Every structure is written in structure tokens, then in C-alpha cells.
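Residue-level structural notes
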Amino acid sequence: MQAGCLLQEAGSRLGRFEARLLLAYVLGVPVEKLIAHPEMELSASQEQAYRLVVQRRLKGEPYAYIAGEQEFFGRAFKVTPDVLIPRPDTELLVETALHILEPFKSPRVLDLGTGSGCIAVTIARENPSARVTGCDISEPALRVAAGNAAGTDVLFFKSRWFDQIPEGSRFELIVSNPPYVAEASPYLADLSYEPKGALVSGPKGMDDLTEIIHKAPRFLSSCGWLAVEHGFDQGAPCRRLFSEAGFSDVRTLKDLGGYDRVTLGELRQVPKLLSKDARQEGRHE
């Protein structure tokens, strides 16, 4: 069957843009070739493969999982159902991080909940002097991230937020795109193919953000920064948490849609580290 006929058939259900993307993926050709040559003949096996991926897409499976990659900051990142699909909104977090790092000579950067590694790897590629590490509680996610980090010096390790980071470790910048969707959010219905553990964070979606913001000062250097991505309605509570944790110059940035998306702040006075005995006494008070 000719490519044009298949596209007309699939396009009536998917839309012509997505129909072309899927066919280009199956054939391994640029979309432009399909536009220029709708008369291309497909073999029976190619036609069958195309119909199968069309069915997967019609059932709601994201294109990125079908193709196995997603573009982020102008680069292709491998993705699997073990990680969230990188989204354009998160590019704001990376742009913010790169701006923060400009005055530093060889900054230490920590990416909490790294997932596909798109944030950590992009920071490392855009700022080669940065010493970037990333952590995640999911071992499958860490394998995806390590694959995406090939050719860089980014290091990954398993940790639930700060749990496995040694006391005394200091970073000039901590970034995170943690779970921030509320348990009963109606938006979850559209995210059923993505890992729930990377999306949901308590009744209001604030559990992980609260933990990260409260604990971050213990791991930041003097004049170090924390920047987190969050939901469109979480800017105000995040700013309050930043202020309570001792951050200065706290502000929230808006994404391209005009919604609150990234909150950041500077830690100008590093809290003193308590001895192990003092920390234990504090827990018993």
C-alpha cells in the first residue's frame, strides 16, 4: 500500500501530524520524505508494523514510549515506561539552573529524582565545568539515565532524595523535578502510562516538595541555590516553604503558558552541622 493512502486512513483517527510521525518512525525515514513522496510503497511487514503502532497510540500510549525517545533542550533522550517523558516546561528549570551557575567556576550540582537524566545531562553538556550528580530511588530509571549520560562525566546513584548523601556534602546548586501531582488529581487519567511513583506526592501533591525544601539547606554551600519544578498552583506554598527554610531572594518563574512552574532561592547562611549525638538528642525532644 502507498504511504499516502495509509496516512489518510490513520490520519482520520489520529490526526495527520501524529500519523506521519508514527510512519516515519516505523520506516526509519524523515517526516519530510513522506511529505515529498506519498507514493512510497510499503511492504506487507511495514504496513503491519505501522498498524500495530497506530493501535498503541489510539489506546493512549504516548508517542515517546512507542518511539523510545523524546527531544529535550534540542537533544534526543531515550525514554522507557520506567521514567517520565521529558516535557518542554522542564526546560525552564534547566535554563534557570544554567543562569544560576554562570558565576561559579566549577560548581557542584545535584539533581534529585533524576529519572531519564535529562536535567542532569543537559546541565553537564551546556556547562562542561559543572560537576553533576543525579540520584533516583528507581534502579530502572538510573539505567536509563546512565545510558543518556554516555560521553559525559555525570554520576548517578540510588537514593531517595537526600537519604544516601553523606552528611557534610555541599553543592552550589540542587535542582529537582519531583512528584507534585495530588493523589486525586483528574490529570492522572491522562498520565496512566507513566510511572505513578514519579508523579504523585500525597493528598495535595506537596509531600516531596516539602521534604526537599526543608532538607536542602543541610547540603548547600554558602550562597548555594535550590530550584524546583512544581505544579501551576503550587508557587505560593513553595515560596512559603523556601522562606521558612531560610532561603533569600525567593521567587517563582512562569512557564510559556504563563503558569507558576519553577521556584528558586539562595541560601546565604549555611546551617551548622550537628554532631551525631546532638541530632539524636534532637529527635528525642
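Residues numbered from 1 in each chain as written. Predicted model: local features only at pLDDT ≥ 70, side-chain atom pairs only at ≥ 80, totals over all residues. Heavy atoms only, no water.

Within an unreviewed UniProt entry, the label attached to the chain reads Release factor glutamine methyltransferase, and the organism entered is Mesosutterella faecium. The Sequence similarities (unreviewed entry) comment attached to the chain in UniProt states, word for word, "Belongs to the protein N5-glutamine methyltransferase family. PrmC subfamily." According to its UniProt record, the chain has this under Catalytic activity (unreviewed entry): "L-glutaminyl-[peptide chain release factor] + S-adenosyl-L-methionine = N(5)-methyl-L-glutaminyl-[peptide chain release factor] + S-adenosyl-L-homocysteine + H(+)". (UniProt positions renumbered as here; feature names shortened; annotations may be inferred.)

Two numbers describe a pair of aromatic rings. These are the distance of the centres and the angle of the planes. Summed over all chains, the structure comprises six aromatic pairs. Ring geometry for Phe72 against Phe73: centres 6.3 Å apart, planes inclined by 40 degrees, an arrangement best described as tilted. Judged by its relative accessible area of 0%, Phe72 falls in the buried class. Both rings, one in Phe162 and one in Phe219, keep their centres 4.7 Å apart while their planes meet at 5 degrees; by these two values the pair is stacked. With a gap of 57 residues between them, Phe162 in the loop between β5 (155–158) and β6 (171–176) and Phe219 in the loop between α9 (207–215) and β7 (220–229) connect regions that are remote in the sequence. No difference in accessibility class separates Phe162 from Phe219, as the two residues are buried. Ring pairing ties together the aromatic residues Phe72, Phe73 and Phe77, which thus form one cluster. (Phe/Tyr/Trp six-rings, centres within 6.5 Å; stacked < 30°, edge-to-face > 60°. Buried < 20%, exposed > 50% of the residue type's maximum accessible area, 1.4 Å probe, protein only. Helix = DSSP H or I, 4+ residues; strand = E, 2+ residues; numbered from the N terminus.)

Compared with the 21 Å implied by 1.5 Å per residue over 15 residues, the 21 Å span of helix α4 (residues 44–58) between its first and last C-alpha is a close match. Along α4, the residues classified as buried are Glu47, Tyr50, Val53 and Val54. Taken around the axis of α4, the buried residues stretch over an arc of 130 degrees, which confines them to a single face. Residues Ala44, Ser45, Gln48 and Leu52 are exposed on α4 and point more than 90 degrees away from its buried face. Against the buried residues of α4 lie α1 (3–14), α2 (16–27) and α5 (63–67). Gly60 sits one or two residues past α4 and shows a positive phi near 110 degrees. (Expected span 1.5 Å × (residues − 1). Arc of directions from axis to C-beta. Contact = heavy atoms within 4.5 Å.)

Here the focus is the sheet that holds β6. Hydrogen bonds along the backbone pair up the strands of a sheet, which may run parallel or antiparallel. The sheet built from seven strands is open, its strands ordered β5-β4-β3-β6-β7-β9-β8 with mixed pairing. The open sheet has two edge strands with one neighbour each: β5 and β8 (248–254). In this sheet, neighbouring strand axes are inclined to one another by 15 degrees on average, regardless of whether the strands run parallel or antiparallel. In the sheet, β7 pairs with strand β9 (residues 260–267) via six bridges, with the strands oriented antiparallel. Its bridge partner lying in β9, Gly224 is registered against Leu267. With respect to the sheet, helix α8 (residues 139–148) is in contact with β4 (131–136) and β5, its orientation differing from that of β5 by roughly 175 degrees. (Pairing = 2+ DSSP bridges. Axes fitted to C-alpha atoms, helices over the stretch in contact; angles between N-to-C directions.)

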